[in-house]
Amino acid sequence: MPAFPALRADGLIKNYGSVRALRGVDLEVKRGEIFGFLGPNGAGKTTTIRCMLDLIRPSGGLIRVLGLDPQADPLAVRAQVGYLPGELNLESNMTVSEALSYFAQLRGDRVDRLYMSQLAEHLALDIDNSIKNLSRGNKQKVGLVQALMARPHLLLLDEPTSGLDPLMQQVVYRLLQEACSNGATVFFSSHIISEVEAIAGRVAIIREGRIVQEASPGQLVEMAMRRVSVRFREPVDPSPLGRVEGVSVLSHADNQVKLQVAGTMDGLIKALALLPVQDLETERPSLEEIFLAYYAGGDREADIYAH
Amino acid sequence: MRTEFRHTLLRRLRGQIVGWSIGLVLYSLMLVAIFPTVSQMEDLERFLAAYPEEMLGFFEMLTEIHTPVGYLDTYFFNYMPLIIGIFVVGIGTKLLVADEERGVLDLILAHPVSRTGLYLGRVLAFIAAIGVILMVCWLSWTVPARQAGMDLSWLAFLRPFIPLFVLLLCFGALGLVLSLVLPAARLASMVTGALLVANYLLRGLANLDDRLATMIQYTPMHYYQGATAVDGLNWGWLAALGLVTTVLIVAGWVLFQRREIRVGGEHSWSLTDVFRLLRRS
């Protein structure tokens, strides 16, 4: 396997006039991994993907796709990439089969037609239907087939399961995992956290044109602070607990103390051993809570959950 | 490039080529059928003398209406830059930008097709579409011509279609360039269409007012021969029109190379954009 990563962005900047869409995106996606790209609307997900395909040109920074510069060698990049746009629109005066043939011809007919039919079959897509009669979900299936059918080395998918029912979403996850096990790299943007948890090996969260976190879904949860609730047999002074490294007291009422713990629990457990503990509960925020903190409140709230 | 050429010609423009061809064939056949009646009109000179002088000036060859060349010019080649021009301007302005506004271009350009290949494929299909329509028109004049008493060879019939073809290409290319400069294809269609009509009127009015005669020299229609090309082509005029068309097509290519492809929808200009453009110019 070549040494270079599937995707690399260093300080990627994109300005639209006075609007700063990307403010220095740093990203590295390894070959053969499924990488989730999360962020709220307008965070810069689509802009980042479109820079990778030379549909728009960065205002600054560096971007490499499969070791190639998309601005210098766009054809070589696109020949190895399957792309699904976030807002998929297709020419309406064709059948599905004709549209897929057209996309295959744009690839110089280097498409396995049998595999194309199999993909359509997996997704329950009738290729004899006219595009203009397709529902949004079925159009999305056409988009997925055209992205996958050339067995590209890299899949850039902007909201791949948008408009699909839960059963079809499962089929798409399976197809992406299959593509990945055959050596392809999958880079997809999504709003759906369960989707990211289900298939992504690593995740980046983008907000206001910057990557604010990059880790595996499991690591993100690990990195989050625990919330600990302790009930004592009798009233206690919680101040020794607040002096333990990484522990802060959130509230104290009657016999109950609520704490926030960063890092290991060791210090807290040793401190609690000296007190008359009746009950102890510990919880971590869910991945969804972590993302929502990044999405909604900015760095300050995100800091509450992760360190 | 070949895929885009074929797809544009046979998919995107097919309906319009067929529709316009049918309409123009019927119109041409009707004109050919009427020619014997017009050429044998009695008291034609008295009839023409009753026309206002301005009308005779505007339609230069109206006084020759009883001859094949005069008839062709007055009833076909005089109007056709305007009539087929509407089709050509519509296609030219939508050739690239309409797909961008519909959000289709994004996915096409994500495939291994170069911008140059896509541009050339579509422009060549556009040229071929105009060529097919004019070819069909030419056949519908030249095949029944002898039966109608129009004693012109097939080559003589073909000649005036050549400057018409180049003039139409010129306005189509102008529409294409304007679509890449202005914020929306609709606006580009409106502006190019207005320029086409203005140029047509100016050409007619320049025959009536000497002050306009200088101005018309700087417009494409001045170099359009009309049916007088039956007797021979003005190669200098053709080359001038061809050169302007080529420059416009190259300008369109440069603009498309540099273009940031939008996800979809029409662009709009804010006052800041307008001031920026004014400052640049």
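No experiment lies behind these values; they were computed from the predicted model shown.

Some remarks on the overall build of chain A
Secondary structure summary: chain A contains 12 helices and 13 strands in total. For chain A, the proportion of its 307 residues judged to be buried stands at 50%. Long-range pairs, those at least 24 residues apart, make up 68% of the contacts in chain A between residues at least 6 apart in sequence. Total accessible area computed for chain A in this model is approximately 13700 Å², and 48% of it derives from carbon and sulfur atoms. For chain A, the centre of its 32 positive side-chain charges and the centre of its 37 negative side-chain charges are spaced 4 Å apart.

Examining the overall build of chain B
The number of helices and strands found in chain B is 15 helices and zero strands. A compact globule built from 281 residues would reach a C-alpha radius of gyration of about 19 Å, and chain B, at 21 Å, matches this within 12%. When the backbone C-alpha atoms are referred to their principal axes, chain B occupies close to 65 × 40 × 30 Å. The burial tally for chain B puts 51% of its 281 residues in the buried class. A total of about 13200 Å² of accessible surface is found on chain B, and carbon and sulfur atoms cover 66% of it. Measuring between centres, the 21 positive side-chain charges of chain B sit 16 Å from its 20 negative side-chain charges.

As for the packing of aromatic side chains
Residues and elements named next belong to chain B. Tallying each qualifying case throughout the model produces 15 aromatic pairs over all chains. The interplanar angle of 70° and the centroid separation of 6.2 Å between the aromatic rings of tryptophan 138 and tryptophan 154 together place this pair among those described as edge-to-face. With tryptophan 138 in helix α9 (residues 115-142) and tryptophan 154 in helix α10 (residues 154-158), this pair connects stretches of sequence that are 16 residues apart. Overall, the relative accessible area of 52% leaves tryptophan 154 in the exposed class.

Considerations on the nonpolar core
In this structure, Leu156(A), Phe187(A), Leu72(B), Trp141(B), Phe161(B) and Phe256(B) are the most contacted members of the largest nonpolar core, which totals 161 residues. Taken domain by domain, the makeup of this core includes at least three residues from each of domain 1 (1-80 + 153-219) and domain 2 (93-151) of chain A. Discounting residues that sit within four places of it in the chain, Phe161(B) has contacts with Phe76(B), Phe77(B), Leu134(B), Cys137(B), Trp138(B) and Trp141(B). Of all hydrophobic cores here, the second largest spans 14 residues; its members include Val230(A), Phe232(A), Val261(A) and Leu268(A).

What to know about the sheet that holds strand β13 (residues 277-283) of chain A
Residue and element names in this part refer to chain A. Strand order in the open sheet formed by four strands is β11-β12-β10-β13, with antiparallel pairing between adjacent strands. Lying at the two open borders of the sheet, with one neighbouring strand each, are β11 (247-253) and β13. Averaged over neighbouring strand pairs, the angle between their axes works out to 20° when direction is ignored. As judged from the six bridges shared by strand β10 (residues 226-232) and β13, these two strands associate in the antiparallel manner.

Section: helix α5 (residues 68-77) of chain B
Residue and element names in this part refer to chain B. Taken across its 10 residues, α5 has eight buried, putting it largely inside the fold. Among the residues of α5, those classed as buried are Val69, Gly70, Tyr71, Leu72, Asp73, Thr74, Phe76 and Phe77. As for α5, its buried residues are in contact with α2 (14-39), α6 (80-94), α9, α10 and α11 (161-181).

Overview of the pattern of salt bridges
Taken as a whole and assessed by the stated rule, the structure comprises 21 salt bridges over all chains. Its salt-bridge partner being Arg50(A), residue Asp106(B) comes within 2.8 Å of it at the nearest N-O pair. Remark: Arg50(A) occurs in helix α1 (residues 45-52) and Asp106(B) occurs in helix α8 (residues 105-108); the pair is interchain, linking two chains. Of the charged contacts in the structure, one is a salt bridge between Glu100(B) and Arg259(B), with a shortest N-O distance of 2.9 Å. Here Glu100(B) is found in helix α7 (residues 97-101), whereas its partner Arg259(B) is found in the loop between α14 (235-258) and α15 (271-280), with 159 residues between them in sequence. Residue class for Glu100(B) comes out buried when judged on its relative accessible area of 1%. What makes Arg259(B) buried here is its relative accessible area of 11%.

Structural notes on the environment of Ala3(A)
Looking at the element boundaries, Ala3(A) is found in the segment before β1 (7-16). Taking the C-alpha atoms as reference points, Ala3(A) and Arg31(A), 28 residues apart in sequence, are found 8.9 Å from one another.

Side note on the sheet that holds strand β7 (residues 185-190) of chain A
Residues and elements named next belong to chain A. Pairing in this open sheet of six strands is mixed, and the strands run β5-β6-β7-β3-β8-β9 from one edge to the other. Of all strands in the sheet, those with a lone pairing partner are β5 (81-84) and β9 (210-215), marking the two edges. With direction set aside, neighbouring strand axes in the sheet form an average angle of 15°. Relative to β9, strand β8 (residues 202-207) runs antiparallel, the two sharing five bridges. Each residue of the ladder has a partner; that of isoleucine 205, found in β9, is glutamine 213.

Some remarks on the interface of chain A and chain B
Counting residues at the interface gives 28 residues for chain A and 26 residues for chain B. For the pairing of chain A and chain B, the buried interface totals around 2500 Å² over both sides, and the portion due to carbon and sulfur atoms is 52%. Contact with chain B buries surface across chain A, with Leu55(A), Glu91(A) and Leu106(A) losing the most and accounting together for 23% of the total. If you look at where chain A meets chain B, you find four salt bridges. A salt bridge links Arg11(B) to Glu98(A), with the shortest nitrogen-to-oxygen separation between them at 2.9 Å. Where chain A meets chain B, there are 20 residue pairs in polar contact (both at pLDDT 80 or more).

Some words on the confidence of the model for chain B
Mean pLDDT over chain B works out to 88, with 95% of the residues at or above the 70 mark. Mean pLDDT across the elements of chain B ranges from a minimum in α15(B), with 67, to a maximum in α11(B), with 96.

Notes on the confidence of the model for chain A
Detailed reading of predicted coordinates is not advised where the pLDDT is low. When pLDDT is averaged along chain A, the result is 86, and 91% of the positions lie at 70 or above. Low confidence marks residues 299-307 of chain A, where pLDDT is under 50. Its contacts with residues over four positions away, or in another chain, come to 23 contacts.

Rules used throughout
Residues numbered from 1 in each chain as written. Chains lettered and ligands numbered in written order. Predicted model: local features only at pLDDT ≥ 70, side-chain atom pairs only at ≥ 80, totals over all residues. Heavy atoms only, no water. Helix = DSSP H or I, 4+ residues; strand = E, 2+ residues; numbered from the N terminus. Buried < 20%, exposed > 50% of the residue type's maximum accessible area, 1.4 Å probe, protein only. Contact = heavy atoms within 4.5 Å. Areas by Shrake-Rupley, 256 points an atom, 1.4 Å probe, with all protein chains shown as cover. Lys, Arg positive; Asp, Glu negative; His and termini not counted. Charge placed at Lys NZ, Arg CZ, Asp CG, Glu CD. Rg over C-alpha atoms; globule rule 2.2 N^0.38 Å. Phe/Tyr/Trp six-rings, centres within 6.5 Å; stacked < 30°, edge-to-face > 60°. Core = buried A, V, L, I, M, F, W, Y, C linked by side-chain atoms within 4.5 Å. Domains from an automatic or database assignment. Pairing = 2+ DSSP bridges. Axes fitted to C-alpha atoms, helices over the stretch in contact; angles between N-to-C directions. Salt bridge = Lys/Arg side-chain N within 4 Å of Asp/Glu carboxyl O. Buried area = accessible area lost by both parts, 1.4 Å probe. Polar contact = N/O pair within 3.5 Å; in protein donor to acceptor, adjacent residues only side chain to side chain. pLDDT = per-residue confidence, 0-100.

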